[in-house]
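# Breakdown of the fold
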Amino acid sequence: MHGLGNDFMVLDATREAIALAPGDIRAMADRHFGVGFDQLLLVERAPHASVDFGYRIFNADGGEVEQCGNGARCFARFVREQGLTDKDHIRVQTCGGAIELHITGHGDVRVDMGVPRLLPAEIPFDAPAPALSYPITVEGEALELAVVNMGNPHAVLRVDDLGRAPVARLGPLLERHPRFPARVNVGFMQILTPERIRLRVHERGAGETLACGTGACAAVVAGRRLGWLGRDVTVGLPGGELQVTWPGEGHPVSMLGPATRVYDGLWLWPDAARAGEAQDAKVHAALATIAVDRQKRA
Ligand SMILES: N[C@@H](CCC[C@H](N)C(=O)O)C(=O)O
């Protein structure tokens, strides 16, 4: 699936628990020797009664992370299309907190991403005191950035010309800057008007992606706190547009955008150690399930 080109492999772990080592995920995420994706999304049974599902997220580098906004929209579409729920309002638990997904009449998904956390320790970011933006030095270059935790950590830099923004050079350096002990996603934001921005994001554990949902929310929060943006903002990303609304401090952020299913597949580990005699039967059963699911969706 993908959300504006930020692409995912989505696995249904509600019927059977799925345990993957970081090396397994890296192998699947490889765009040449695997399936290829920015993030792997695991759909799990609800861990407690106040949510409908558990939602786990792994970056292409195999690391588990707390939140993924584009993934959340795909998650909603996946659980509906797989017949795992018939609800239009779905509450899911991630390790970055609970979020709410609303499938709209037009097929887009609105996600209530929760209240952003802004204190340095909550990012986490090493700073002596809270501020709207912070000076930071990268290889002798002085920069100014804002920090926002949208369930996962984000740094946001304002640039004048997004086409010339040094995303490939500064993104990886800031991702692993010692002042971000959990590493960080890095957004480069160009403000066109108070209602419209352009954004590119270097994602922690995945590199630059075509879109980042939490990155879009973090940019709007940072821009609004700094007095540059209004409440409702259209965020133009390389893969398309998201609508982000943030009334202000203490309020949740809402994100609206599309979710697209690309294809159904069956992953078979090539090594003999994992392929048992029951493999053939499993393949047939899985293919039958895919066919039934497809019929249901049609
Ligand atoms: N693509 C995502 C964010 C995925 C996780 C991120 N790379 C991290 O490490 O926190 C989105 O749409 O929000």
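Each chain carries its own residue numbering, running from 1 in the written order of its sequence. Restriction of local features to residues with pLDDT of at least 70 applies here, the model being predicted, together with a cutoff of 80 or more for giving and counting side-chain atom pairs; totals for whole chains, interfaces and linings are based on all residues. Excluded from the side-chain calculations are hydrogens and water; all other atoms, namely the structure's heavy atoms, are used.

- In the annotation of an unreviewed UniProt entry, the chain is listed under the name Diaminopimelate epimerase and assigned to Comamonas flocculans.
- UniProt positions are given in the numbering used here, feature names are shortened, and annotations may be inferred rather than shown by experiment. As recorded by UniProt, the Sequence similarities (unreviewed entry) comment attached to the chain reads in full: "Belongs to the diaminopimelate epimerase family."
- UniProt, in its Function (unreviewed entry) section for the chain, records the words "Catalyzes the stereoinversion of LL-2,6-diaminopimelate (L,L-DAP) to meso-diaminopimelate (meso-DAP), a precursor of L-lysine and an essential component of the bacterial peptidoglycan."

### A short note on the domain arrangement of the chain
- Start and end positions for the domains come from either an automated domain assignment or a database one. Entries for the chain in the domain assignment read domain 1 (2–114 + 261–267), domain 2 (120–246) and domain 3 (274–298).
- Using only C-alpha atoms to locate each centre, domain 1 and domain 2 end up separated by 23 Å.
- Contacts are assigned to residue pairs that have any heavy atoms within 4.5 Å of one another. The interface of domain 1 with domain 2 comprises 19 residues on the first partner and 21 residues on the second.
- Here domain 1 packs against domain 2, burying approximately 1,300 Å² in sum over the two surfaces, 51% of which is carbon and sulfur.
- Accessible area, probed at 1.4 Å, shrinks when two parts are joined; the buried area is that loss added up over both. Ranking the residues of domain 1 by area buried against domain 2 places Leu-4, Glu-66 and Met-113 at the top, with a combined share of 36%.
- Each reported salt bridge corresponds to a side-chain nitrogen of Lys or Arg within 4 Å of a carboxyl oxygen of Asp or Glu. The partner of Asp-61 in a salt bridge is Arg-183, and the shortest N-O contact between them spans 3.2 Å.

### Regarding the nonpolar core
- Within the largest apolar cluster, 53 residues are counted, with the highest numbers of intra-cluster contacts made by Tyr-55, Leu-101, Ile-197 and Val-235.
- Secondary structure elements are defined from DSSP: runs of H or I of at least 4 residues count as helices, runs of E of at least 2 residues count as strands, and each element is numbered from the N terminus. Ranked by residue count, the leading element in this core is helix 4 (residues 213–225), at seven residues.
- Excluding anything up to four places from it in sequence, Tyr-55 contacts Leu-41, Leu-42, Gln-67, Cys-68, Gly-71, Ala-72, Phe-75, Val-92, Gln-93, Thr-94, Cys-95 and Ile-99.
- Of all hydrophobic cores here, the second largest spans 21 residues; its members include Val-138, Leu-174, Val-186 and Phe-188. Each nonpolar core is a collection of buried residues, namely Ala, Val, Leu, Ile, Met, Phe, Trp, Tyr and Cys, held together in the definition by side-chain atoms within 4.5 Å. Here the term buried applies to any residue with accessible area under 20% of the maximum for its type, exposed to any over 50%, and partly exposed to those in between, with areas from a 1.4 Å probe on protein chains only.

### Considerations on the UniProt feature "binding site: substrate" (unreviewed entry) in the chain
- Under the UniProt annotation, "binding site: substrate" (unreviewed entry) lies at Asn-6, Gln-39, Asn-59, Gly-69, Asn-70, Asn-152, Asn-185, Glu-203, Arg-204, Gly-213 and Thr-214. If you take the residues mentioned a moment ago, the ones lining the largest cavity come down to Asn-6, Gln-39, Asn-59, Gly-69, Asn-152, Asn-185, Glu-203, Arg-204, Gly-213 and Thr-214.
- Relative to the helices and strands, Gly-69 resides in helix 2 (residues 69–81).
- Not counting residues within four places of it along the chain, the set of residues in contact with Gly-69 comprises Met-113, Gly-213, Thr-214 and Met-255.
- If sequence neighbours within four positions are ignored, Glu-203 has contacts with Asn-6, Gln-39, Glu-175, Asn-185, Glu-208, Thr-209, Ala-211 and Cys-212.
- Any pair of nitrogen or oxygen atoms within 3.5 Å is treated as a polar contact; in protein, a donor-acceptor pairing is required on top of that, and neighbouring residues in sequence qualify only through side-chain atoms on both sides. Among the polar contacts made by the side chain of Glu-203, one reaches the side chain of Gln-39 at a distance of 2.8 Å. Grid points spaced at 1 Å and placed over the protein atoms alone form the basis of the search, with a cavity being a set where a 1.4 Å probe fits but cannot get out and a pocket an open set showing protein on both sides within 12 Å along at least five of seven lines. Lining residues have an atom within 4 Å of a point.

### Examining empty space enclosed by the protein
- Grid points are joined across faces, edges and corners, and a volume is the space filled by probe spheres set on the points. Counted by the stated rule, this structure contains one cavity of 30 Å³ or more.
- Empty space within the largest cavity amounts to approximately 100 Å³.
- Taken together, 14 residues line the largest cavity, and the ones lying closest to its centre are Gln-39, Gln-67, Asn-152, Glu-203 and Thr-214.

### Digging into the site of the ligand
- Around the ligand lies a shell of 15 residues, among which Asn-6, Gly-69, Arg-204, Gly-213 and Thr-214 are the nearest.
- In the model, an oxygen atom of the ligand is placed 2.8 Å from a nitrogen or oxygen of the Asn-59 side chain.
- Taking Asn-152, its side chain carries an N or O atom lying 2.9 Å from an oxygen atom of the ligand.
- Using a 1.4 Å probe, the Shrake-Rupley method yields the accessible areas, and only the shown protein chains count as cover for residues. Burial of the ligand by the protein chains amounts to 100% of its free accessible area of 360 Å².
- A majority-of-atoms criterion places the ligand in the largest cavity.
- Secondary structure elements with two or more residues in the shell around the ligand: helix 2 and helix 4.
- Under the grouping applied here, Gly and all other residues not named as nonpolar or charged are polar, the nonpolar ones being Ala, Val, Leu, Ile, Met, Phe, Trp, Tyr, Cys and Pro and the charged ones Asp, Glu, Lys and Arg. Across the shell around the ligand, the residue classes break down as three nonpolar, ten polar and two charged.
- Counting the residues that make up the shell around the ligand, at least three belong to each of domain 1 (2–114 + 261–267) and domain 2 (120–246). We call a residue near a molecule or strand whenever a single non-hydrogen atom of that residue lies within 4 Å of it. A molecule is said to be in a cavity or pocket once over half of its atoms fall within 2 Å of that pocket's grid points.

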